[in-house]
Amino acid sequence: MKERIIGLVLAITALAALLALALITFFIFQAGLPLIAKVGLPGFLFNTTWNPTAKEPSFGILPMIVGSLWVTLGAMVIGVPLGLAVTIFLVDLAPERVSAFMRPAVQLLAGIPSVVYGFIGLTLLAPLVRNTLGGPGLSVLTGAIVLGIMILPTIISISEDAIRSVPPALRQGALALGATRWQVIKDIVIPAARSGIIASIVLGMGRALGETMAVIMMIGNSLQLPTSVLDSATTLTSNIGLEMAYASGAHRQALFATGIVLFIIIMVLNGTTTALVRRGLVRR
Amino acid sequence: MMVTTRQQTREASVDRANLRERLAFGAIWVAAILTVLVLLLIIGIILVRGLPHVSLEFLTSAPSDLGRAGGILPTIIGTVVLGFVALLIATPLGIGSAIYLTEYTRETRLTRLIRFGTESLAGVPSIIFGLFGFIFFVDVLKMGWSILAGGLTLALMVLPTIIRTAEEAILTVPLSYRETGYSLGATRWEMVTTTVLPSAMPGILTGVILAFGRAVSETAAVIFTAGTALNMPTSLLSPARTMAVHFYILAVEGISLEMAYATGAVLILTVLIINVVANALVRNVVARRLRA
């Protein structure tokens, strides 16, 4: 009897995460959907004017969608090659002593608060970009570089798992045929770990897309559509983070509606990751 | 007339492959060194520019003039209390969940659904947690901007971390331990509490400490649920400003760069300590396993 009650209590605790996800979905949608219903989905997504507090308010989030896209893609351009290089370094190149130091370092990179990254972008990188490349400094480029570094731990930890789980026999076979170590990595190991590596990239993408406070500090928060990487921009997240503090009424609804768009994109990205990881496991 | 023998072609191709390898490995070394340098640069700059302004007085006095002068005591208290409230809620839920998934059930449709929920929750961006916490805890449940609302929001956010690490820690406990427990006539729960949990405890603790680190670092989810009040919190229902939020406000509103660096230095040191402790715990466990 006592055992049965304990089992039941444990089952209930196990449902907490699922319940939390359900509550989050419900309340975000409940708070944001009325506005999307009012302006219509195309109008909300593709209108370029965001002026929620005007007499005739306008709720178009295209500038934020474009901004998020630019910053996220930029972060991938920086973070993916760097992350994969560090992963290969950890698995194949680093002497024992170096990797024993590298791994906690990468972990620490994940532990640094995002506001600290944003602060470095704001106080160091933005002036550097302004003085060397021009523009306002607080720009897509500044945000992308810092976000690229912020997503490194995500890319490294997941692709490392993927690369490590490539059967040693594959490597040995290729080496025995006279391939160089680099040829083995490039032509055997990476293709074999492909789905895990892609999963790490997609997850990193979700991280970059979801980051808020650091982005607010770095990209200048202008509502114009960016035309160059040196322009200021605004993203889905940064706009919510900035305006939530004072928004009310339809304006607040519009921020929750922006949250819905973000939430759906992230869920699709996460679903892709899970599917990729599972496919990688099944194939093995 | 030049005749290229097969031997020569092969040698040329081997040379090319070797050159390519050297170039690729060189680039990889550069990337690895660059990554470490960036980490050291970030930590170094904040500490070098911040630590000179950190004193015992800075840590133990209240801020004045919006944070332009004085210390950061209320934000330290706010951070610690908020972190503890979050862990107080998330730890039992997380460990209970992990025990259920590993010891009390086999793979069913329900466990797959639970895993899906945990994985998805781990991927939800913190700003979404902030929005949810604001509308649900602050607004619907009428907690207002408070430590309670912030702690509950953070608890949901760190729950997946605790579940996952606890699950992994429990799974590494050898099966023979359990068999021994059962053979001595223990019930499932007795076996879990006397054998599995003590043996998995260091791993579980690592997860809890890392979760505390996430709570300390968080801004977006906290600012809309616990608020930004600079007063000393007096109850679970008072609003609070954490160190990370204070740091953000000092920097973004241009209140004081000096104070921002000082607060950042304390924040970075806290995160460093948390990471070192978590790492030491993990290494300890690995060492013990190796000896066993």
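Keep in mind that this is a model prediction, so the values were computed, not measured.

Asks: What am I meant to see in the overall build of chain A here?
Replies: The helix and strand tally for chain A stands at 14 helices and two strands. Based on the C-alpha atoms only, the size of chain A along its principal axes is roughly 75 × 70 × 30 Å. Here the contacts in chain A between residues at least 6 apart in sequence split such that 73% fall between residues at least 24 apart.

Asks: Mind showing me how you'd approach the overall build of chain B here?
Replies: The helix and strand tally for chain B stands at 11 helices and two strands. Written out in order from the N terminus, the α and β elements of chain B read α-α-β-β-α-α-α-α-α-α-α-α-α. A globule of 292 residues ought to have a C-alpha radius of gyration of about 19 Å, yet chain B, at 25 Å, is considerably larger. With respect to the three principal axes, the spread of C-alpha positions in chain B is 90 × 65 × 40 Å.

Asks: Explain the interface of chain A and chain B here, please?
Replies: Many structure descriptions define interface size as the accessible area lost when the parts assemble. Facing 62 residues of chain A, the contacting portion of chain B comprises 68 residues. When grouped by side-chain class, the residues that make up the side of chain A that touches chain B number 45 nonpolar, 15 polar and two charged.

Asks: So what exactly am I meant to see when it comes to the confidence of the model for chain A here?
Replies: The predicted coordinates ought not to be read in detail in places where the model reports low pLDDT. Per-residue confidence for chain A gives a mean pLDDT of 93, with 98% of residues at or over 70. Of all helices and strands in chain A, the one with the weakest mean pLDDT is helix α14 (residues 249-283) of chain A (88), whereas helix α7 (residues 140-150) of chain A scores best (97).

Asks: Mind showing me how you'd approach the environment of Ala199 of chain A here?
Replies: Among the structural elements, Ala199 of chain A can be located in helix α11 (residues 194-210). With near-sequence residues (within four places) excluded, Ala199 of chain A lies in contact with Ile158, Thr273, Leu276 and Val277 of chain A.

Asks: Even after reading the chapter, I still don't get the environment of Ile36 of chain A, so can you show me in this structure?
Replies: Residues and elements named next belong to chain A. Looking at the secondary structure, you find Ile36 in helix α2 (residues 16-39). Among the residues examined, Ile36 registers 21 C-beta atoms within 10 Å and is labelled buried. Ile36 sits 224 residues away from Ile260 along the chain, and the two C-alpha atoms are 9.8 Å apart.

Asks: Quick question: what am I supposed to make of the confidence of the model for chain B here?
Replies: Scored by pLDDT, chain B has a mean of 92; 97% of the residues are at 70 or more. For this predicted complex, the interface score ipTM comes out at 0.94, alongside a pTM of 0.93.

Asks: In this structure, what is going on with the nonpolar core? I would like to understand it.
Replies: As a rule of thumb, nonpolar side chains are buried together in soluble globular proteins. Core analysis: the largest hydrophobic core is formed by 177 residues, its most contacted members being Ile28, Val116 and Val146 of chain A together with Ile128, Val158 and Leu159 of chain B. No other element matches the 15 residues that helix α6 (residues 147-171) of chain B contributes to this core. Not counting residues up to four positions away in its chain, the partners in contact with Val116 of chain A are Ile42, Ile46, Gly264, Leu267 and Ile268 of chain B.

Asks: Any chance you could explain the environment of Pro127 of chain A here in plain terms?
Replies: Mapping Pro127 of chain A onto the fold places it in helix α6 (residues 114-133). C-alpha separation for the pair Pro127 of chain A and Gly137 of chain A, spaced 10 residues apart in sequence, amounts to 5.7 Å.

Asks: Looking at this structure, I do not really get α2 of chain A. What am I missing?
Replies: Spacing of three or four residues puts side chains on the same side of an α-helix, whose turn is 3.6 residues. All names here are of chain A. With 24 residues, α2 extends 35 Å from end C-alpha to end C-alpha; this agrees with the ideal 34 Å at 1.5 Å per step. At Gly32, α2 shows its strongest bend, of approximately 35 degrees, with the proline Pro34 following within four residues. If you check which residues of α2 are buried, you get Ala16, Ala17, Ala20, Leu21, Ile24, Phe27, Ile28, Ala31, Gly32, Leu35 and Ile36. Of the residues trailing α2, Gly40 is marked for its positive phi of about 85 degrees.

Asks: Sorry if this is basic, but what is going on with the packing of helix α7 (residues 175-183) of chain B against helix α8 (residues 188-217) of chain B here?
Replies: Packed helices, taken two at a time, are described by the angle between their axes plus the distance between the axes. Residue and element names in this part refer to chain B. Interhelical geometry of α7 versus α8 gives an angle of 160 degrees and a closest axis separation of 10 Å. Between α7 and α8, the interaxial angle falls into the category roughly antiparallel. In this structure, the crossing between α7 and α8 has a hand that is right-handed. Residues Tyr177, Arg178, Gly181 and Tyr182 of α7 touch α8, and the partners they reach there are Met191, Thr194, Thr195, Val196 and Ser199. For the contact of α7 with α8, a count of residues per class yields four nonpolar, four polar and one charged.

Asks: What's the story with helix α8 (residues 152-164) of chain A in this structure? I'm lost.
Replies: All names here are of chain A. Look at α8: 18 Å from first C-alpha to last across 13 residues, which is about the 18 Å you get at 1.5 Å a residue. In terms of burial, α8 is a largely internal element, 10 of the 13 residues being buried. Burial in α8 covers these residues: Leu152, Pro153, Thr154, Ile155, Ile156, Ile158, Ser159, Glu160, Ala162 and Ile163.

Asks: Got a minute to help me understand unusual backbone geometry in this structure?
Replies: Both trends apply: most residues other than glycine have a negative phi, and most peptide bonds are in trans. All names here are of chain B. A positive phi is found at Asp65, a non-glycine position, where the angle reads about 55 degrees. Mapped onto the fold, Asp65 is located in the loop between β1 (63-64) and β2 (69-70). On the basis of neighbour count, Asp65 is assigned to the exposed category, with 10 C-beta atoms found within 10 Å. The backbone phi angle of Lys142 is positive, close to 55 degrees, even though this residue is not glycine. For Lys142, a count of 8 C-beta atoms within 10 Å translates into the label exposed.

Asks: Looking at this structure, I do not really get the packing of α6 of chain A against helix α10 (residues 243-252) of chain B. What am I missing?
Replies: Two elements in contact, α6 of chain A and α10 of chain B, have axes separated by 10 Å at closest approach and are oriented at 15 degrees. With respect to α10 of chain B, the axis of α6 of chain A lies roughly parallel. Handedness of the α6 of chain A/α10 of chain B crossing: left-handed. Contact residues: Val115, Phe119 and Leu122 of chain A in α6 of chain A; Ala244, Phe247, Tyr248 and Ala251 of chain B in α10 of chain B. Its residues assigned to classes, the contact of α6 of chain A with α10 of chain B shows seven nonpolar, no polar and no charged.

Definitions and limits used
- Residues numbered from 1 in each chain as written.
- Chains lettered and ligands numbered in written order.
- Predicted model: local features only at pLDDT ≥ 70, side-chain atom pairs only at ≥ 80, totals over all residues.
- Helix = DSSP H or I, 4+ residues; strand = E, 2+ residues; numbered from the N terminus.
- Contact = placed C-beta atoms within 7 Å.
- Rg over C-alpha atoms; globule rule 2.2 N^0.38 Å.
- Nonpolar A, V, L, I, M, F, W, Y, C, P; charged D, E, K, R; others polar.
- pLDDT = per-residue confidence, 0-100.
- Buried ≥ 20, exposed ≤ 12 C-beta atoms within 10 Å, placed from the backbone.
- Core = buried A, V, L, I, M, F, W, Y, C linked by C-beta atoms within 7 Å.
- Expected span 1.5 Å × (residues − 1).
- Bend = angle between axes of the 7 residues up to and from the residue.
- Axes fitted to C-alpha atoms, helices over the stretch in contact; angles between N-to-C directions.
- Parallel < 35°, antiparallel > 145°, perpendicular 65-115°, else oblique.
- Left-handed = near helix turned anticlockwise from the far one by under 90°.

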